[in-house]
Amino acid sequence: TITVPEGFNWQVLARWGDELWSKSVAFDQATRGTADSQALAFGDNNDGMDLFEANGRKLFVVNNEYTNTNIIWGNREEGKPETDDDVRKGMLAHGVTVMEIAESDGKWSIVKDSPFNRRITPETEMDITGPARGHDLLKTAADEAGETVKGTWNNCGNGRTPWGTYLTCEENFNGYFSAADENHEVSAELKRYGISSKDWGYGWARIDERFDVSKHPNEPNRAGYVVEIDPFDPESRPRKLTALGRFKHENAEVVLAANGQLVVYMGDDERGEFLYRYVSNGKYSLNGNNSRLLEEGKLYVARFADDLTGEWLELSPATTGFASQAEVCVYTRQAASKVGATTMDRPEWVAAKPNKVEAYVALTNNKNRGIKPNEGGDPAPVNGPNPRAENNYGQIVRWAPDNADHTASTFTWSIFALAGNPLENSDAYAGSANINAGNMFNSPDGMRFDENGFLWIQTDGNYSDKDGFAGMGNNQMLVGDTETGAIERFL
Ligand code: FEO
């Protein structure tokens, strides 16, 4: 069950396979549905989500990040796809679900047949925007112009813009590519992103050749971006935002700097990868056209110094040696390695405090810290913001931009919480002073501030409740007071 404090309750709003339209087919646990039924139903494995309200309507937008093979194909003996339809069903369970929701008699549910209900899947047509649009690295047999792309998948965290659009962030996009010839050697550029001749069991190349990297080596260059969706315009084409860089995106925390420039903070969730910032060239205008703000801007990566200062290093042809900004936006990890960014303990969500110029990043864990470098060969020694070798609990790091300006190139930082278990450990693994028997947790992941400035923290980690994790129970949601350091369990 789910445990919440007295005075709160919880309910299930939507389940994998729930119908979005009258024409949808009711979910069948025995068959676990078909590709056609999945196309008209709520997707699987929810991750980032947000609520949009206008004209008395509430639209809930949810990322359907991935699928668990033994569940989605639990009807098959080996829990693996047997037919092409099985594969396509799995594919269509990915993406984003937009659904109107409403409350009646204290119960929330999906408004079936709402004109806003929509499934965005790996088959949805979208446009490529930003510096890499039209670049040779994005051209494929299906798209010789490098300007349009089919679909989004492995949608992890999210964000929202001041003009009311939803940002969905492509994370482990690599796990869907394979090669018919298992001995096929992928390029070093693709290896940095984890692409190999084997996929993670999804089998997509079996039904769609574009996922065969030996035949279409540029196809993976078209994934790993932040995608913008307008939930209130169901006919709109989603936009892949190459200006925000290509990596395993967690979320996209959008803030307006005091001067009106748009700032987006983003983590790359892999061991020893980096923390990024995007700053728009233009300024936000309340009723104006803001469509270029996520297309034209500068991309930065963070370098932390052990003296509690840090700086944002610009990623441009001049600083990285790449031939163009388009290449920087496609090979963003390599660009960040070239400027000497700080390798981090898996940057998950970034949350910016609404009533103070300050931001927080969840560094979920990193068993490789102090053990081995990241995939690009950048060393990952114990350092200031990543202070613990073989870090299996994680930490939350915060920074304050200098001059209280989110566009400033320098900042000061500190650790808000070093997760740990003070009952099992007496050293660095006990955690920081604000961790105690009643709030201990591991692997901070989702984070968002509420309007009162309290930080909500979700975990995605070890739920064995044993040994070093004893007393942490299952995953949890906590709330923190970032002024006093106090953290309490909520859920
Ligand atoms: Fe999709 Fe970093 O979790």
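All of these numbers come straight from a predicted model, not from anything done at the bench. (Residues numbered from 1 in each chain as written. Predicted model: local features only at pLDDT ≥ 70, side-chain atom pairs only at ≥ 80, totals over all residues. Heavy atoms only, no water.)

**Student:** When you look at the overall build of the protein in this model, what are you seeing that I'm missing?
**Tutor:** Tallying secondary structure elements over the protein gives eight helices and 24 strands in all. Overall, the protein is about 60 × 55 × 55 Å in size when its C-alpha atoms are taken along their principal axes. Within the protein, buried positions represent 56% of all 491 residues. Excluding contacts between residues fewer than 6 apart, the proportion of contacts in the protein whose partners are at least 24 apart in sequence is 61%. Mean positive and mean negative side-chain charge positions of the protein (48 and 74 charges, respectively) differ by 2 Å. (Helix = DSSP H or I, 4+ residues; strand = E, 2+ residues; numbered from the N terminus. Buried < 20%, exposed > 50% of the residue type's maximum accessible area, 1.4 Å probe, protein only. Contact = heavy atoms within 4.5 Å. Lys, Arg positive; Asp, Glu negative; His and termini not counted. Charge placed at Lys NZ, Arg CZ, Asp CG, Glu CD.)

**Student:** In this structure, what is going on with the packing of aromatic side chains? I would like to understand it.
**Tutor:** Each aromatic ring pair is described using two quantities: the centre-to-centre distance and the angle formed by the ring planes. What the rule picks out here adds up to 29 aromatic pairs. A centroid spacing of 4.1 Å and a plane angle of 15 degrees characterise the contact between Tyr-176 and Tyr-202, whose relative ring orientation is stacked. Linking Tyr-176 in the loop between β9 (166-170) and α4 (188-191) with Tyr-202 in the loop between α4 and α5 (204-207), this pair joins segments that are 26 residues apart in sequence. Tyr-176 gets classed as buried once you look at its relative accessible area, which sits at 0%. Seen from their ring centres, Phe-274 and Tyr-276 are 6.5 Å apart, and the 80 degrees between their planes marks the pair as edge-to-face. Classification of Phe-274 by relative accessible area gives buried; the value is 0%. Just above the ring of Trp-21 sits the side chain of Lys-23; from NZ or CZ to the centre is 5.6 Å. (Phe/Tyr/Trp six-rings, centres within 6.5 Å; stacked < 30°, edge-to-face > 60°. Lys NZ or Arg CZ within 6 Å of the ring centre and 35° of its normal.)

**Student:** What exactly am I supposed to notice about the sheet that holds strand β18 (residues 359-363) here?
**Tutor:** Working definition: the strands of a sheet are paired by backbone hydrogen bonds and lie parallel or antiparallel to each other. Taken in spatial order, the nine strands of this open sheet run β12-β13-β14-β15-β16-β20-β19-β18-β17, and their pairing is antiparallel. Since the sheet does not close on itself, it has two edges, and those belong to β12 (249-256) and β17 (347-352), each with one partner. Adjacent strand axes in the sheet meet at a mean angle of 30 degrees, parallel and antiparallel pairs treated alike. Where strand β14 (residues 275-283) and strand β15 (residues 297-304) come together, five bridges link them in antiparallel fashion. (Pairing = 2+ DSSP bridges. Axes fitted to C-alpha atoms, helices over the stretch in contact; angles between N-to-C directions.)

**Student:** Is there a simple way to think about the pattern of salt bridges in this case?
**Tutor:** Where side chains of opposite charge bring their charged atoms close, a pairing between them can arise. Across all of its chains, the model carries 39 salt bridges by this definition. Between Glu-296 and Arg-292 there is a salt bridge, and its shortest N-O distance comes to 3.0 Å. Here Glu-296 falls in the partly exposed class, since its relative accessible area comes to 35%. We note a salt bridge from Lys-356 to Glu-358, for which the minimum N-O separation is 3.7 Å. Among the residues examined, Lys-356 registers a relative accessible area of 35% and is labelled partly exposed. Through salt bridges that share partners, Arg-192, Lys-248, Asp-268, Glu-270, Glu-273, Arg-333 and Asp-378 make up one connected network. (Salt bridge = Lys/Arg side-chain N within 4 Å of Asp/Glu carboxyl O.)

**Student:** Mind showing me how you'd approach the sheet that holds strand β23 (residues 477-481) here?
**Tutor:** Ordered by their spatial adjacency, four strands build an open sheet running β21-β22-β23-β24, and the pairing between neighbours is antiparallel. Across the chains shown, the open sheet's two edge strands, defined by having one partner strand only, are β21 (444-449) and β24 (487-489). Ignoring strand direction, the axes of neighbouring strands in this sheet form an average angle of 25 degrees. Alignment of β21 against strand β22 (residues 454-459), held across four bridges, turns out to be antiparallel. Looking across to β22, one finds that Pro-444 is bridged to Thr-459.

**Student:** Looking at this structure, I do not really get the environment of Phe-177. What am I missing?
**Tutor:** One can find Phe-177 in the loop between β9 and α4. The class of Phe-177 is buried, set by a relative accessible area of 0%. Here the alpha-carbon distance between Phe-177 and Gly-201, two residues 24 residues apart in the chain, equals 9.9 Å. Once residues lying within four places of it in the same chain are set aside, the contact partners of Phe-177 are Trp-153, Ile-195, Ser-196, Lys-198, Asp-199, Arg-210, Phe-211, Val-213, Glu-219 and Pro-220.

**Student:** Honestly, the pairing of strand β19 (residues 395-401) in this entry has me stumped. Any pointers?
**Tutor:** Across a regular strand the side chains alternate sides, sitting on one face of the sheet and then on the other. Counting buried residues in β19 gives six out of seven residues, a clear majority hidden from the surface. One ladder, built from five bridges, connects β18 with β19; its direction is antiparallel. Bridging from a neighbouring strand, Val-361 pairs with Val-397 of β19. Of the pairings in the sheet, the one linking β19 to strand β20 (residues 410-418) comprises seven bridges and is antiparallel in character. Bridged to Trp-399 within β20 is Trp-413.

**Student:** Would you mind showing me how to read empty space enclosed by the protein here?
**Tutor:** To find the voids left in a structure, one rolls a probe of water-molecule size over its atoms. Applying the stated criterion across every chain yields a total of one cavity of 30 Å³ or more. Of the volumes computed, that of the largest cavity is approximately 30 Å³. Contributing to the lining of the largest cavity are Phe-441, Asn-442, Thr-459, Asn-462, Met-472, Gly-473, Asn-474, Asn-475 and Gln-476. (1 Å grid on protein atoms, 1.4 Å probe; cavity = no way out; pocket = protein on both sides within 12 Å on 5 of 7 lines; lining within 4 Å. Points joined across faces, edges and corners; volume = space filled by probe spheres on them.)

**Student:** When you look at the environment of Met-447 in this model, what are you seeing that I'm missing?
**Tutor:** Within the secondary structure, Met-447 is located in strand β21. The contact partners of Met-447, leaving out residues within four places of it in the chain, are Trp-349, Val-350, Ala-351, Tyr-360, Val-361, Ala-362, Ile-396, Leu-455, Trp-456 and Ile-457.

**Student:** For this particular structure, what's the right way to read helix α3 (residues 84-92)?
**Tutor:** Since the α-helix advances by 3.6 residues per turn, residues separated by three or four positions end up pointing in the same direction. Those residues of α3 that sit buried are Asp-86, Val-87, Lys-89, Gly-90, Met-91 and Leu-92. Structurally, α3 contributes buried residues whose contacts are with α1 (35-39), α2 (69-72), β5 (118-120) and α5.

**Student:** So what exactly am I meant to see when it comes to the layout of surface pockets here?
**Tutor:** Of the volumes computed, that of the second largest pocket is approximately 330 Å³. What lines the second largest pocket is a set of 20 residues, among which Arg-160, Glu-253, Val-254, Arg-448 and Phe-449 lie closest to the centre. Of all the elements, β12 adds the most residues to the lining of the second largest pocket, at five residues. By residue class, the composition of the lining of the second largest pocket is ten nonpolar, four polar and six charged. (Nonpolar A, V, L, I, M, F, W, Y, C, P; charged D, E, K, R; others polar.)

**Student:** Is there a simple way to think about the environment of Pro-444 in this case?
**Tutor:** For Pro-444, the location among the structural elements is in strand β21. In sequence terms Pro-444 and Leu-286 are 158 residues apart; their C-alpha atoms lie 34 Å from each other. The contacts of Pro-444, once residues within four sequence positions are left out, are Glu-348, Ala-362, Leu-363, Thr-364, Tyr-393, Gly-394, Gln-395, Ile-396, Ile-457, Gln-458 and Thr-459.

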